[in-house]
Amino acid sequence: MSVQALAKHVYNMNATFFSQPDLSEIRTYVQQYLLRNSKSESSLIERTERRGFYRLNTSRNEDARQLVLEFLPNEEKETELSDDNPVSYQDFSLNLFPD
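Residues numbered from 1 in each chain as written. Predicted model: local features only at pLDDT ≥ 70, side-chain atom pairs only at ≥ 80, totals over all residues. Heavy atoms only, no water.

*Asks:* An account of the packing of helix α1 (residues 3–14) against helix α2 (residues 23–36) is requested, with residue identities and associated values reported.
*Replies:* For the pair α1 and α2, the least separation of the axes is 9 Å and the interaxial angle reads 120°. Considered as vectors, α1 and α2 are oriented oblique to each other. With respect to the hand of their crossing, α1 and α2 are arranged in right-handed fashion. Contacts between α1 and α2 involve V3, Q4, L6, A7, V10 and Y11 from the first element and L23, I26, R27, V30, Q31 and L34 from the second. A breakdown of the residues in the contact of α1 with α2 according to their chemical character gives 9 nonpolar, 2 polar and 1 charged. (Axes fitted to C-alpha atoms, helices over the stretch in contact; angles between N-to-C directions. Helix = DSSP H or I, 4+ residues; strand = E, 2+ residues; numbered from the N terminus. Parallel < 35°, antiparallel > 145°, perpendicular 65-115°, else oblique. Left-handed = near helix turned anticlockwise from the far one by under 90°. Contact = heavy atoms within 4.5 Å. Nonpolar A, V, L, I, M, F, W, Y, C, P; charged D, E, K, R; others polar.)

Right, here's the structure in full:
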């Protein structure tokens, strides 16, 4: 993700109806934070080959690895949802239109 995109997310999180933070200050802060926290090989954030882009360091950081979603292929999903473990769902919702 680019520094500019991250700065916009931080800006939007901090902008309110009554106060508008300075986007250039937030971009500078985000850029400095990323530079400081991407130097170690085991840090949460790592630089990419592209200048100004960063990503989670899932290869060397356990915290980043926990943030990654793992999707199973269709074949594995079908074996997990086999007839051996039938799941029954009971509808407990209220009837809005009584008879």
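From this point, the narrative continues.
*Asks:* Mind laying out the pattern of salt bridges, listing which residues take part and the relevant values?
*Replies:* When their charged atoms lie close together, side chains carrying opposite charge are able to pair. Per the stated rule, a full pass over the model turns up 3 salt bridges. With a closest N to O distance of 2.8 Å, E46 and R55 form a salt bridge. Its salt-bridge partner being R65, residue E62 comes within 2.3 Å of it at the nearest N-O pair. Taken together, the residues span about one helical turn, with E62 and R65 both in helix α3 (residues 62–66) at a distance of 3 residues. The class for R65 is partly exposed, based on a relative accessible area of 36%. Shared partners join several salt bridges into a network, and the residues in it are E46, E49 and R55. (Salt bridge = Lys/Arg side-chain N within 4 Å of Asp/Glu carboxyl O. Buried < 20%, exposed > 50% of the residue type's maximum accessible area, 1.4 Å probe, protein only.)

*Asks:* How would you summarise the nonpolar core if you had to cite specific residues and measurements?
*Replies:* Counting 8 residues, the largest nonpolar core is built from V3, A7, Y11, I26, V30, L34, I45 and Y54. In this view, V30 contacts V3, L6, A7 and V10; residues no more than four positions away in its chain are not counted. (Core = buried A, V, L, I, M, F, W, Y, C linked by side-chain atoms within 4.5 Å.)

*Asks:* Can you lay out the side chain of E46 for me, pointing to particular residues and giving the numbers?
*Replies:* When you line up the elements, E46 lands in strand β1 (residues 45–47). A residue is classified by how much of its surface remains accessible, and E46, at 18% relative accessible area, is buried. In terms of polar contacts, E46 uses its side chain to reach the side chain of R55, at 2.8 Å. With near-sequence residues (within four places) excluded, E46 lies in contact with S38, Y54, R55, L56 and N57. (Polar contact = N/O pair within 3.5 Å; in protein donor to acceptor, adjacent residues only side chain to side chain.)

*Asks:* Before we move on, could you go through the side chain of S38 and cite the residues and values that matter?
*Replies:* Tracing the chain through its elements places S38 in the loop between α2 and β1. On the basis of relative accessible area, S38 is assigned to the buried category, the value being 10%. Ignoring any residue separated from it by four or fewer positions in sequence, one finds S38 in contact with S43, I45, E46, R47 and Y54.

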